[in-house]
Amino acid sequence: MGSIEELMTAREEIRRKALALTERVLPLVLAAAFVMSYWTFIGTRIIIGLCLWFALLNFRAVFRDRWAMIVLGFFALIAAKDAAMALFADGRLLPVIKSSSRVVVLFGSAALLRAYPRERLERILGAALGVTALCMTVYWAEIVGQITIIPGGVLKLRQVFQQNTPGMLSLWFPLFLLPRALKGSGWKKTMKVFAILAVSSGVLFFDSSFGGSRVAPVAFGAAAVYVLIAPRIPTRISLPALVLLMAIGTTALTIWFSPKINDLLFYRQDLWRGYAGKALERPITGWGFTNEKANMALLEERMRGTLAYPEFHDRGLGPHNSLVAMLFENGAILAAAYAVMLLFRARRAAARPGFLDASFLAFIVLMANDAMNPGGVRFLGFFLGICLLAADTAEAEPDE
């Protein structure tokens, strides 16, 4: 018996040391994954590697986390549905690979959340996003300021970053700084908050005016307002209300078409209606994950004649809304369950929101305009998974 206890003690000591060593390099590793998340497969490989590493070190903590098991069970059910569809129906393996990878990434994300105390983990993420912000500064200098920092930098950076990427990468670090600035007092606090809001909003709106992400400044603004007023309002009502607004608004705009609103939303209504209509052909199982080629094959006829059709035909645009995507990929029952899961996470937000709560709200805005899902192998999906899983671990002690 003594030898077993000694073996368990030695294993635990190795695990603690491995987590401590990992913590030292984690900000730089995460920053590399974030910056290169949309360039080749470097960032994807880093994210998958990190998830497997933390799953190995901290898997027992995940199995004790009820909320993590609910989220993992939901996405495992999608993976099982896709596997059954591949086996008995259409034979497509891409949805199985995609949905299975989400379970792996979400498991690793849950293990990461329980590996360190919440405040320390947020500092790790903040440091990684700070390095990312420095990289974005090089981008702004090269692309906008025409300042040569990297030889051939403009060409290389345009190859690295898709037009929406800089805005999507730039909104998180100021969102990390804002709750910390509010902990101060007096005029210094006011100046810090004003500087964060002014600089960040300026950069994001400037980026959007040059063809960058039009949603990033809106997402940052909504999250910033939430952080500023949360202590004065019942957070467990306000944040779920935004989730409901996204769900109800998406449903209403999918059913009721308005040319003016469609134009204002850059033809998003065309996409939502097209994908929702196609989803009704398979209301129980959905069509599974699709890439650009599959999108064009499935919706070519349905999208023809819409204002979104030229770009859809050229690029195979997806549904650009997470709830519509869930409906299209997995059917009405799982889409409704997904909306309920988002509502529950929103209900678990802290009275004074930290970085992950504020980020979750920013994601609600992004998800209303893009089809991102938790557990993706790129930065936004990975970080969304962390924000979603953070609901039930806010007060939990790490498994140390």
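Asker: Which residues make up the overall build of the protein chain, and what are the values?
Answerer: Counting its regular elements, the protein chain contains 18 helices and zero strands. Looking at the protein chain as a whole, 51% of its 400 residues are labelled buried. A fraction of 74% describes how many contacts in the protein chain between residues 6 or more apart in sequence connect residues 24 or more apart.

Asker: Describe in detail empty space enclosed by the protein, supporting the description with residues and values.
Answerer: Overall, the coordinates contain three cavities of 30 Å³ or more when judged by the stated rule. Estimated volume of the largest cavity: approximately 60 Å³. Forming the boundary of the largest cavity are Lys-81, Asp-82, Met-85, Ala-86, Asp-90, Arg-92, Pro-95, Arg-282, Gly-286, Trp-287 and Gly-288. Element by element, the count of residues in the lining of the largest cavity is highest for helix H3 (residues 66–88), at four residues. Here the residues of the lining of the largest cavity are counted per class, giving four nonpolar, two polar and five charged.

Asker: Lay out the pattern of salt bridges in plain terms, naming residues and giving numbers.
Answerer: Under the definition given, this model contains 16 salt bridges. Glu-301 serves as the salt-bridge partner of Arg-304, at 2.9 Å between the closest nitrogen and oxygen. On the basis of relative accessible area, Arg-304 is assigned to the partly exposed category, the value being 41%. For Glu-301, a relative accessible area of 60% translates into the label exposed. Residue Arg-345 pairs with Asp-357 through a salt bridge whose shortest N-O separation is 2.9 Å. Separated by 12 residues along the polypeptide, Arg-345 in helix H16 (residues 322–347) and Asp-357 in helix H17 (residues 355–367) bring together distant segments of the chain.

Asker: Outline the nonpolar core, listing residues and values.
Answerer: Counting residues in hydrophobic clusters, the biggest one holds 94 residues, and the most contacted among them are Phe-34, Trp-172, Phe-363 and Phe-383. By residue number, the principal contributor to this core is H17, which donates 11 residues. If sequence neighbours within four positions are ignored, Phe-383 has contacts with Leu-125, Trp-172, Phe-355, Leu-356, Ser-359 and Phe-363. Leu-271, Trp-272, Val-324 and Phe-328 belong to the second-largest nonpolar core, a separate cluster that totals 14 residues.

Asker: Go over the side chain of Asn-321 with me, naming the residues and quoting the values.
Answerer: By the secondary structure assignment, Asn-321 is in the loop between helix H15 (309–315) and H16. The class of Asn-321 is buried, set by a relative accessible area of 0%. A polar atom in the side chain of Asn-321 sits 3.0 Å from the backbone nitrogen of Leu-323. Aside from chain neighbours lying at most four places away, what touches Asn-321 is Thr-250, Trp-272, Met-367, Ala-368, Asn-369, Asp-370 and Ala-371.

Asker: Describe in detail helix H14 (residues 292–303), supporting the description with residues and values.
Answerer: An ideal rise of 1.5 Å per residue puts 16 Å on 12 residues; H14 reaches only 14 Å between its terminal C-alpha atoms. Three or more residues of H14 are buried, namely Ala-294, Asn-295, Leu-299, Glu-300 and Met-303. Where H14 is buried, its residues contact helix H13 (268–279), H15 and H16. Remark: Gly-305 follows H14 within two positions and exhibits a positive phi of approximately 95°.

Asker: Would you mind going over the environment of Ala-128 in detail, with residue names and values included?
Answerer: Structurally, the position occupied by Ala-128 is in helix H5 (residues 118–144). Along the primary structure Ala-128 and Val-35 are separated by 93 residues, whereas in three dimensions their C-alpha atoms are 9.8 Å apart. Leave out the neighbours within four places in its chain, and Ala-128 touches Pro-27, Leu-30, Ala-31 and Phe-34.

Asker: Explain the packing of H3 against H16 to me, using residue names and the numbers behind them.
Answerer: Closest axis-to-axis distance for the H3/H16 pair is 12 Å, and the angle between their directions is 180°. Considering the angle they form, H3 stands roughly antiparallel to H16. When H3 is examined against H16, the residues Trp-67, Val-71, Phe-74, Phe-75, Leu-77, Ile-78, Lys-81 and Asp-82 are found in contact with a partner set consisting of Met-326, Glu-329, Asn-330, Leu-334, Ala-337, Tyr-338, Met-341, Phe-344 and Arg-345. Class assignment for the residues of the contact of H3 with H16 results in 12 nonpolar, one polar and four charged.

Asker: Can you lay out the packing of aromatic side chains for me, pointing to particular residues and giving the numbers?
Answerer: Inspection of every chain in the model, using the stated rule, returns 15 aromatic pairs. Both rings, one in Phe-173 and one in Phe-176, keep their centres 6.2 Å apart while their planes meet at 20°; by these two values the pair is stacked. Of this pair, Phe-173 and Phe-176 both sit in helix H8 (residues 172–181), three residues apart, roughly one helical turn. What makes Phe-173 partly exposed here is its relative accessible area of 22%. Through a chain of ring-to-ring contacts, the aromatic side chains of Phe-34, Trp-172, Phe-173, Phe-176, Phe-355, Phe-363, Phe-379 and Phe-383 assemble into a single cluster. Above the plane of the ring of Phe-360 lies Arg-345, whose end atom (NZ or CZ) is 4.9 Å from the centre.

Each value, and the rule that gives it
Residues numbered from 1 in each chain as written. Predicted model: local features only at pLDDT ≥ 70, side-chain atom pairs only at ≥ 80, totals over all residues. Heavy atoms only, no water. Helix = DSSP H or I, 4+ residues; strand = E, 2+ residues; numbered from the N terminus. Buried < 20%, exposed > 50% of the residue type's maximum accessible area, 1.4 Å probe, protein only. Contact = heavy atoms within 4.5 Å. 1 Å grid on protein atoms, 1.4 Å probe; cavity = no way out; pocket = protein on both sides within 12 Å on 5 of 7 lines; lining within 4 Å. Points joined across faces, edges and corners; volume = space filled by probe spheres on them. Nonpolar A, V, L, I, M, F, W, Y, C, P; charged D, E, K, R; others polar. Salt bridge = Lys/Arg side-chain N within 4 Å of Asp/Glu carboxyl O. Core = buried A, V, L, I, M, F, W, Y, C linked by side-chain atoms within 4.5 Å. Polar contact = N/O pair within 3.5 Å; in protein donor to acceptor, adjacent residues only side chain to side chain. Expected span 1.5 Å × (residues − 1). Axes fitted to C-alpha atoms, helices over the stretch in contact; angles between N-to-C directions. Parallel < 35°, antiparallel > 145°, perpendicular 65-115°, else oblique. Phe/Tyr/Trp six-rings, centres within 6.5 Å; stacked < 30°, edge-to-face > 60°. Lys NZ or Arg CZ within 6 Å of the ring centre and 35° of its normal.

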